[in-house]
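This is what each chain is made of:
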Amino acid sequence: VGRGQRMVYSPVKQFALDAGLTILQPGPLRRPEAFAALQKLAPDVMVVAAFGQLLPPDVLALPRHGCLNVHASLLPRWRGASPIAAAIRAGDAETGVTIMLMEEGLDTGPSIAVRATPIGNDETTGLLTERLADLGADLLLDLLPGWLAGELRPTPQDDALATMTRPLRKDDGRLDWNMSAVELARVARSVTPWPGAFTTWNGKVFKTPEVYAIGRANDLQPGTCYPLEPGNPYGALACACGTGALALKVVQLEGKRAMPAADALRGYPALAHATLGA
């Protein structure tokens, strides 16, 4: 990172180094040398969380108590790579953590324990990820003794209820002003912190790091901005949507830093009645 291209470890690796733990970074687990390294450990149980590989059959069969996955959704809803963003974008009232016994399919294994939690009205993917990480860690610690003692029995998932997700792409943050303000607020929260919500203004990228769905009395075309009254708790600028309006509390013009909309209006007064998405 930085101009010097300094190597920086992930927080997990740094914690492990500080604790004197052995770290393996074998790359693809289908490589024979990767399997040999795991086999040498003779594991009783293996646990993965947000792991970007499907475990090969020989790895799944290696631990005598199986491989457990700490998955950030209420399976079988939102299997796959981006369950937290998917739950927010869909407007789910709650989500949670499922600890499942892994098999060859993608998040298809039977569940061992589930813990649910409401999704906050203004909660982003970043904030909810932190909460679910703590929830999953606590749940894992609670169930491991019983699982290793053979006291717990996994429950098969109902595949008929399964929904799938895919990895987020940059374009998932693009705002379609014909959608309702409520939907767009969910889209923005689902892509925060990455890839971030954005639109265009005069052909340039216009990011909207903090937005809120509000009602509006005027009849403007979707994508048309208008100023909010002074002292409005949602900031100084809003944009008409297919239904309702989206308050743009914080904005970021291309090549500029993020700033409150009130500051942006002082430097770019034309923004008060701009057409976004063009």
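Throughout what follows, the structure given in this document is the object of discussion. A quick note: this is a predicted structure, and the numbers were derived from the prediction, not measured.

## What about the overall build of the protein?
A tally of regular secondary structure across the protein gives seven helices and twelve strands. Projected onto the principal axes, the alpha-carbon positions of the protein cover approximately 65 × 50 × 30 Å. Buried residues in the protein amount to 43% of all 278 residues. Sequence-distant contacts, at least 24 apart, represent 59% of the contacts inside the protein between residues at least 6 apart. Working note: accessible area of the protein is about 15400 Å², and carbon and sulfur atoms make up 56% of it. Averaging the coordinates of the 26 positive side-chain charges in the protein and doing the same for the 27 negative ones gives two points 8 Å apart.

## Some details on the sheet that holds strand S4 (residues 94-101)
Taken together, four strands build an open sheet; the order of strands is S1-S2-S4-S5 and the sheet is mixed. Each having just a single partner strand, strand S1 (46-49) and strand S5 (111-118) make up the two edges of the open sheet. Neighbouring strand axes in the sheet, compared pairwise and without regard to direction, differ in orientation by 15° on average. Here strand S2 (residues 67-71) runs beside S4; their pairing, made up of four bridges, is antiparallel. Residue pairing in the sheet places Val70 in a bridge with Ile99 of S4.

## Re unusual backbone geometry
For the peptide bond that leads from Leu75 to Pro76, omega is 15°, which places it in the cis range. Locating Pro76 in the fold gives a position in the loop between S2 and strand S3 (79-80). Omega for the peptide link from Trp194 to Pro195 comes to 0°, which places this bond in the cis form. The topology assignment puts Pro195 in the loop between helix H6 (181-190) and strand S7 (198-201). A positive phi is found at Asn202, a non-glycine position, where the angle reads about 55°. Following the sequence through the fold, Asn202 ends up in the loop between S7 and strand S8 (204-214). Classification of Asn202 by relative accessible area gives exposed; the value is 63%.

## Considering a nonpolar patch on the surface
A grouping of Met7, Tyr9 and Leu17 is seen on the molecular surface, where their side chains present a nonpolar patch of about 330 Å² in accessible area. Looking at the secondary structure, you find Tyr9 in the segment before helix H1 (11-18). Looking at Tyr9, the relative accessible area reads 40%, which means it is partly exposed.

## Observations regarding the pairing of strand S10 (residues 237-240)
Side chains Leu237 and Cys239 of S10 all project onto a buried face; the interleaved residues Ala238 and Ala240 project onto the opposite face, where all are buried too. In this sheet, S10 lies alongside strand S9 (residues 225-227) in antiparallel orientation, the contact comprising three bridges. Of the residues in S10, the one forming a bridge with Cys225 is Cys239. Here three bridges tie S10 to strand S11 (residues 245-253), and the two strands are oriented antiparallel to one another. Within the sheet, the bridge partner assigned to Ala238 lies in S11 and is Ala247.

What counts, and where the lines are drawn
Residues numbered from 1 in each chain as written. Predicted model: local features only at pLDDT ≥ 70, side-chain atom pairs only at ≥ 80, totals over all residues. Heavy atoms only, no water. Helix = DSSP H or I, 4+ residues; strand = E, 2+ residues; numbered from the N terminus. Buried < 20%, exposed > 50% of the residue type's maximum accessible area, 1.4 Å probe, protein only. Contact = heavy atoms within 4.5 Å. Areas by Shrake-Rupley, 256 points an atom, 1.4 Å probe, with all protein chains shown as cover. Lys, Arg positive; Asp, Glu negative; His and termini not counted. Charge placed at Lys NZ, Arg CZ, Asp CG, Glu CD. Pairing = 2+ DSSP bridges. Axes fitted to C-alpha atoms, helices over the stretch in contact; angles between N-to-C directions. Patch = residues over 30% accessible without salt bridge, like charges linked within 9 Å, V, L, I, M, F, W, Y side chains within 5 Å. Salt bridge = Lys/Arg side-chain N within 4 Å of Asp/Glu carboxyl O.

Shape is all these values report; function is a separate question.
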